[in-house]
Amino acid sequence: MQVISSYGVCCTIHQFNNPTLLSTQQAEFIKHGRPRNWLFQNKGSSLVHRPVRFNCAPNAASYFGNVDEQQSDYPDNYEAEDIQVTTAIQIKNLTEEIKHMLSSMGDGRSSVSPYDTAWVSFIRDTNINGSRERPLFPSCLKWIEDNQLPDGSWGEELVFCIYDRLLNTLACVVALTLWNTSLRKRNKGVMFIKENLSKLETGEVENMTCGFEFVFPALLEKAQKLDTDIPYDVPVLKEIYARREAKFTRIPKDLMHTIPTTILFSLEGLRDLDWQRLLKLQMQDGSFLTSPASTAIAFMETNDEKCLGFLQNVVEKCNGGVPHSYPVDMQARLWAIDRLQRLGISYYFGEEFKELLDHVIRYWNEEIGIFGGRNSNFCDVDDTCMAIRLLRLHGFDVNPDVLNKFKDGDQFFCLRGELNKSPTAMYNLYRCSQALFPGEKILEEAKDFTYKFLQQCLANNKSLDKWVIAKDIPGEMQYALEFPWYASLPRVESRLYIEQYGGSDDIWIGKTLYRMPDVSNNVYLQAAKLDYNRCQSQHRFEWLIMQKWYEKCNFQHFGISKKYLLVSYFLAAASIFEVEKSRERLAWAKSRLICKMITSYFNEEATTWTTRNSLLMELKGFHDMNKNSNKTKEMVLKNLRQFLHQLSKETYEDLGKEIHHQLHNAWETWLMSLREEKNTCQEEAELLVQTIYLSAGHMKHDEILFDAEYNNLSILTNKICRMLNELQNDKMLLIISLPPWNLSLILSLHIVFTSIPNTQISADQWCSRTTGSSKTTEIELDMQALVKLVFGNYSSNINQDIKQIFFAVAKTFYYTAHITEEVIDFHISKVLFQQV
């Protein structure tokens, strides 16, 4: 079989049956008249091939251009098999490394906090004889001695934050002074403090470490008692003392001794505390809100054995240098899953995710939510909403009403009493709110509030966050606002998030800066890039196949453009992207073309019920095609029959599943619905779903068609997709019907909105401003009901993979109704033709 694409690439493939299951086959590509032999070979579940790749990012027109005008980024002497095998090995090694990281997460990993390590080192060993005192935890003091930075400071080495450096350095200087050791290092630290104190005047307030106004003055007072040579009367320090006193007046002393609050995390910065009352607010592990520093001061004041046990455990497990918070098992697990999902490589880690989420649900508290560490008596909205979303989407039953704990009037907060809201916490709450089931008022309220809050953050350029320093927080927020979850296709999100994810450069902000290698690391990023490019190579190869098939079936005769072909393939590839799922992807894309061909034929040619019925009967085999049969109908039947036969054959050869009968029934049922009304295509979504899951080998028995839950999925998905099609048509009719002066205005606005690739007027915004919002409101409610059907009952008779296909198909209809043509061109270019 010879494949000639519109790129001008000629490909001869011998013994070609299925692009995902090839034995050793030869492909001859001709460029500039010179033949090249490229080897296609199946390696396990991976197709080894050398696809066409471009250095440039093609625009919409160049998708069908001549490849001679492009430059391949593969050197001529590279063997395709070597490249693909090397990539496969690299991905396997990286995914094995990630699996090990996930399975060995334990209490969660976090970088050492010099500040907290210093506070633990302050504790004296009271069980010694003689007059000379020594630290109870000498390994902490040793860590401080061994980890001074070249400039004399302690703290985050690669990112200079003045609050972090001064706080860590002052704490370590106090520790060395207290134990009268490492005089040279101590003096170098003092010099750093003197030279950099003035920088506090120009530090970014958004990046101020948590509780700085409390804990830094407390350290200054300790340093002054030790006669440390530091200036204590500079203006900037007076301002910090003044801010501390102002905040002290706002702290409800009785409340902080009664219920758990964020104050428990920074007890070392407070004064006049009733320690016996505070001990009642201890966590189960003996800590005060997972803080080693806070727990250290509590032990020094009370000699509480539970405090000591916590500190001994942390020092032992962390080899002397303690983190700023321990444990962080909840945060590490949830954020690791979130990052891997958004990077598009979560499908490698299904078993690991189950174990991680089993751990989270074990400690889920339906009354208060969760905190970064397990068994906390105090929780925050960031960890809680991340848990709700991920647990729900993985089939766990969680009640979002716990979010009422983080609501004050009409506003939501991350931590009660906070002065400034965190953009990333509100961003995560916004993402959580979209996975709502019908009637969940708290999530509706959260969605409305956070959407407006994030809009204001972006409009006012206030996206700096107080919890994390990340590569592109504004980009993440912008994508979330422009592409709600229903309109976010997996491969589009992954392609953009790979650019937004900072890897090991992302840093978290607590009382000090810290890193979480389970969440932010370059292994995730490298694996995501390699896997993305590997999948994209397969997609571009399939795109060549699609173009050849398009020419062979003469779809242009039915008015079907190559742009429609490209969009159809893109929607499938952006939703089902894994290399080994080529058959499902091609079945999806080809089904759209076949449906378009048949509806075009019915609309243009078959004007009577009898004519439409004739097509159905001939497909069933009840009528033979007579000699005077319409040539167009012959072409329709030929294309449909060949598609159904080929798909049935490939599914049987690949999976051993016989789907011929069920596949024909699905298409005949759709044709029957189409026969009854010339312009209807409301069953198309269900047809796509059935074709996809049959090609995947999911459906085994006809009985599933009579299952009540399956019928609900089908009816609801068909309704949603029909209404989204109507919504799209309404928008087009509105533009066409406008008076010339209004049309010019709309077109000018359209140019402004779409000149930026990531910007579009959403379906909701457009219709609410023009044709009313009743239809969009109904769509939203139906989507909520669909989410509940798909994610609300994992123990049903319906295979979860089938449910996910219903949702994936519905999302593509929502996506196409939501965006402009310019945006889809931008996404096609990114997803299919630009490597990362």
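Quick caveat: nothing in here was measured; it's all calculated off a predicted structure. (Residues numbered from 1 in each chain as written. Predicted model: local features only at pLDDT ≥ 70, side-chain atom pairs only at ≥ 80, totals over all residues. Heavy atoms only, no water.)

A. Region of interest: the overall build of the protein chain. Across its full length, the protein chain holds 31 helices and 10 strands. The proportion of buried residues among the 836 residues of the protein chain is 58%. (Helix = DSSP H or I, 4+ residues; strand = E, 2+ residues; numbered from the N terminus. Buried < 20%, exposed > 50% of the residue type's maximum accessible area, 1.4 Å probe, protein only.)

B. Representation of the packing of helix 23 (residues 631-655) against helix 24 (residues 660-676) within the structure. It is the contact of helix 23 with helix 24, at a shortest axis distance of 9 Å, that shows an interaxial angle of 150°. The orientation of helix 23 with respect to helix 24, classified from their angle, is roughly antiparallel. Between helix 23 and helix 24 the crossing geometry is right-handed. Residues Leu-640, Phe-643, Leu-644, Leu-647 and Ser-648 of helix 23 lie in contact with helix 24, whose contacting residues are His-660, Leu-663, His-664, Trp-667 and Leu-671. Its residues placed into classes, the contact of helix 23 with helix 24 shows 7 nonpolar, 3 polar and no charged. (Axes fitted to C-alpha atoms, helices over the stretch in contact; angles between N-to-C directions. Parallel < 35°, antiparallel > 145°, perpendicular 65-115°, else oblique. Left-handed = near helix turned anticlockwise from the far one by under 90°. Contact = heavy atoms within 4.5 Å. Nonpolar A, V, L, I, M, F, W, Y, C, P; charged D, E, K, R; others polar.)

C. Seen up close, helix 31 (residues 821-833). Over its 13 residues, helix 31 runs 17 Å from end to end, which matches the ideal 18 Å to within 8%, given 1.5 Å per residue. Across the 13 residues of helix 31, 10 count as buried, placing the element largely inside the fold. Along its buried surface, helix 31 packs onto helix 18 (490-500), helix 19 (522-553), helix 20 (562-575) and helix 30 (800-818). (Expected span 1.5 Å × (residues − 1).)

D. Region of interest: helix 12 (residues 329-342). If you check helix 12, its first and last C-alpha atoms are 20 Å apart, about what 14 residues at 1.5 Å a residue would give, namely 20 Å. For helix 12, a buried count of 13 out of 14 residues is recorded, marking the element as mostly surrounded by other parts of the structure. The positive-phi residue at the C-terminal boundary of helix 12 is Gly-344, with phi of around 85°.

E. Here's a closer look at the packing of helix 4 (residues 162-178) against helix 6 (residues 212-225). Contact geometry for helix 4 and helix 6: axes closest at 10 Å, N-to-C directions at 30°. It follows from the interaxial angle that helix 4 and helix 6 lie roughly parallel. In this structure, the crossing between helix 4 and helix 6 has a hand that is left-handed. Along its contact with helix 4, which presents Tyr-163, Leu-166, Leu-167, Leu-170, Ala-171 and Val-174, the element helix 6 presents Phe-212, Val-215, Phe-216, Leu-219, Leu-220, Lys-222 and Ala-223.

F. Fine view of the packing of aromatic side chains. Counted under the stated rule, the structure contains 31 aromatic pairs. Geometrically, the ring pair formed by Phe-570 and Tyr-815 is tilted, given 6.1 Å between the ring centres and 50° between the ring planes. In this pair, Phe-570 is assigned in helix 20 and Tyr-815 in helix 30, connecting sequence segments 245 residues apart. Exposure remark for Phe-570: the relative accessible area of 0% places this residue in the buried category. Tyr-815 gets classed as buried once you look at its relative accessible area, which sits at 0%. (Phe/Tyr/Trp six-rings, centres within 6.5 Å; stacked < 30°, edge-to-face > 60°.)

G. Expanded view of the environment of Thr-599. Mapped onto the elements of the fold, Thr-599 is located in helix 21 (residues 582-604). C-alpha separation for the pair Thr-599 and Leu-671, spaced 72 residues apart in sequence, amounts to 9.5 Å.

H. Local environment of unusual backbone geometry. The linkage connecting Tyr-326 with the following residue, Pro-327, adopts the cis geometry, with an omega of -5°. Of note, Pro-327 is situated in the loop between helix 11 (305-317) and helix 12. One non-glycine residue, Asn-303, lies in positive phi territory at about 55°. By the element assignment, Asn-303 lies in the loop between helix 10 (292-302) and helix 11. Given the relative accessible area of 51%, Asn-303 is considered exposed.

I. Representation of the nonpolar core in the model. Phe-216, Phe-570, Ile-598 and Trp-667 are the most contacted members of the largest nonpolar core, which has 249 residues in total. A per-element tally of this core places helix 19 first, with 12 residues. (Core = buried A, V, L, I, M, F, W, Y, C linked by side-chain atoms within 4.5 Å.)

J. Structural context of the pattern of salt bridges. The tally for this structure, following the rule as stated, stands at 41 salt bridges. Among the salt bridges present, the one from Glu-245 reaches Arg-244, with a minimum N-O distance of 3.5 Å. In this structure, Glu-245 and Arg-271 form a salt bridge, with 2.7 Å as the shortest nitrogen-oxygen distance. Within this pair, whereas Glu-245 is found in helix 7 (residues 235-250), its partner Arg-271 is found in the loop between helix 8 (253-256) and helix 9 (275-278), the two being separated by 26 residues in sequence. Look at Glu-245 and you get partly exposed, because its relative accessible area is 31%. (Salt bridge = Lys/Arg side-chain N within 4 Å of Asp/Glu carboxyl O.)

K. How the structure looks around the sheet that holds strand 9 (residues 507-509). Here we have 3 strands laid out as an open sheet, ordered 8-9-10, and antiparallel in their pairing. Bordering the open sheet on either side are strand 8 (468-469) and strand 10 (513-514), each of which pairs with just one other strand. (Pairing = 2+ DSSP bridges.)

L. How the structure looks around the environment of Arg-374. For Arg-374, the location among the structural elements is in the loop between helix 13 (350-362) and helix 14 (381-393). Look at Arg-374 and you get partly exposed, because its relative accessible area is 23%. Along the chain, Arg-374 and Tyr-363 lie 11 residues apart, while their C-alpha atoms are 6.1 Å from each other. Non-local contacts of Arg-374, meaning those with residues more than four positions away in its chain, are made with Asp-107, Met-283, Pro-327, Asp-329, Met-330 and Tyr-363. Among the polar contacts made by the side chain of Arg-374, one reaches the side chain of Asp-329 at a distance of 3.0 Å. (Polar contact = N/O pair within 3.5 Å; in protein donor to acceptor, adjacent residues only side chain to side chain.)

M. How the structure looks around the side chain of Glu-578. Among the secondary structure elements, Glu-578 is positioned in the loop between helix 20 and helix 21. If we skip the residues at most four places from it in the chain, Glu-578 touches Tyr-347, Cys-535 and Arg-585.

N. Quick look at the environment of Leu-273. Position of Leu-273 relative to the elements: it lies in the loop between helix 8 and helix 9. Along the primary structure Leu-273 and His-257 are separated by 16 residues, whereas in three dimensions their C-alpha atoms are 8.3 Å apart. Other than its neighbours up to four places away in sequence, Leu-273 contacts Met-256, His-257, Leu-267 and Leu-278.

O. Highlighting the confidence of the model for the protein chain. Within the protein chain, residue pLDDT values average 84, and 82% of them lie at 70 or more. The low-confidence segment residues 1-62, where pLDDT is below 50, has 186 contacts with residues more than four positions distant or belonging to other chains. Taken as a whole, residues 65-78 scores under 50 in pLDDT and shows 38 contacts with residues more than four places along the chain or in a different chain. (pLDDT = per-residue confidence, 0-100.)

P. Geometry of the state of the cysteines. Per the counting criterion, the structure on display carries 0 disulfides. Looking at Cys-432, it has no disulfide partner, and the nearest cysteine sulfur is the one in Cys-385, 5.2 Å off. (Disulfide = S-S within 2.5 Å.)

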